[in-house]
Amino acid sequence: MGFFIFDWIKRLLGVGEPADPFVEVDFRSRTKPKSDLDKPPLEVMELSRRLARSIMDIRMTTVSYEEFTIPKRNGDRRTIMTPCAKLKEMQERILHRLLYRLRVHPAATGFEPGRSIVTNALPHVGAKVVVRMDIRDFFPSTLAFRVGAYFRGIGWDEESVELLVKLTTWQDGLPQGAPTSPRLSNLLNYMMDARLDGLAKYLGGAYTRYADDITFSFPTNDLGVEKVAILATADIVDDYGYRIHRRRKLSIRRSHQQQLVTGLVVNEKPALPRKMRRKLRAIRHHIETGRPATMTPEQLAGWTALQQMIATQRAGTDRPEVPAD
């Protein structure tokens, strides 16, 4: 009976259906998709007009990246790809003149104007249980084929698609470090977010995604609901070429435990963890009294600005006081 219910939920939420909202194509197929738009495709001349750059300038933009790594909190290394200056300038034009005009799912909160770690955390405040999952190698796993299918699906002709894919992808995926990658990942995953949001609503909970960080929360402790959410999520993201960290980055936190969502405690209200708040109070006192501190005044100012942002977005006011907690 359990397997029957699980299969029924999968069918209800579209597991196995086409992965892109604009094209009739299976994710694993690399055949040319069929656009469902009736109007003529947008040509490279229109791309030139929208980017305010000549066709020759767009075509001749050098695609090169500098690769380096930075440490993760778990001790691993994260690979960052920094585009060369001319490519970065072109990517920023694509971002602001093309991508920001398109719609992402409301549950996608990462790197979106008007959204933040706070808006990502707010739907989960006061939940009985918070389930967090992490997508492996999120940006490199967002494949160039999907980028091309997306641009083709919203109406660009083949030459424009080839140019846009060349300018926004690297080694067959989205480069982590390119200005266009976060927004493109949200645009391409609109249907994935819609299905995961539908899953959460069907199970009586809430869903948000901040880049590769997926969060569900539920108003009751129900091991069956949690199991369905985890298994169905793995199946849904697999339709889009992703894999979930099943063990190391799977977190289930109940109301008697500290529940963290994108670095904020959400048991009662979005806030920095108590340990960090105490540390910042001590550092602020040391700086004000002229004693040695483990942060510079500039670093402390950055944390203070973060606390102000949290207080502002939590309360919905424009002029918050510096949090005293």
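Scroll up a little and you will see the structure.
Cut-offs used in this document
Residues numbered from 1 in each chain as written. Predicted model: local features only at pLDDT ≥ 70, side-chain atom pairs only at ≥ 80, totals over all residues. Heavy atoms only, no water. Axes fitted to C-alpha atoms, helices over the stretch in contact; angles between N-to-C directions. Helix = DSSP H or I, 4+ residues; strand = E, 2+ residues; numbered from the N terminus. Parallel < 35°, antiparallel > 145°, perpendicular 65-115°, else oblique. Left-handed = near helix turned anticlockwise from the far one by under 90°. Contact = heavy atoms within 4.5 Å. Nonpolar A, V, L, I, M, F, W, Y, C, P; charged D, E, K, R; others polar. Buried < 20%, exposed > 50% of the residue type's maximum accessible area, 1.4 Å probe, protein only. Pairing = 2+ DSSP bridges.

A. Region of the structure containing the packing of helix α11 (residues 274-288) against helix α12 (residues 297-315). Close contact between α11 and α12 brings their axes to 11 Å; oriented N to C, the two are set at 135°. Classed by the angle they form, the pair α11 and α12 counts as oblique. With respect to the hand of their crossing, α11 and α12 are arranged in left-handed fashion. Residues Met276, Leu280, Ile283, Arg284 and Ile287 of α11 form the contact with α12, whose own contacting residues are Pro297, Leu300, Trp303, Thr304 and Gln307. The residue inventory of the contact of α11 with α12, partitioned by class, reads 7 nonpolar, 2 polar and 1 charged.

B. A look at the side chain of Ser48. In this fold, Ser48 is placed in helix α2 (residues 44-51). Residue class for Ser48 comes out buried when judged on its relative accessible area of 11%.

C. Summary view of the sheet that holds strand β6 (residues 251-254). Sheet architecture is open: 4 strands sit in the order β4-β5-β3-β6, paired in antiparallel fashion. One side of each edge strand has no neighbouring strand; the edge strands of this open sheet are β4 (206-210) and β6. Neighbour-to-neighbour, the strand axes of the sheet open up by a mean angle of 15°, direction not taken into account. Looking at chain direction, β4 and strand β5 (residues 213-218) are connected through 5 bridges and run antiparallel. Following the sheet pairing, Arg209 is matched in β5 by Ile214. Relative to the sheet, helix α10 (residues 223-238) contacts β3 (129-134), β5 and β6, its axis offset from that of β3 by approximately 20°.

D. Region of the structure containing α2. Along α2, the residues that are buried comprise Val44, Glu46, Leu47, Ser48 and Leu51. Buried residues belonging to α2 abut α3 (55-59), α4 (85-97) and α7 (158-168). At the C-terminal side of α2, Ala52 shows a positive phi close to 55°.

Read these as spatial facts, not as claims about activity.
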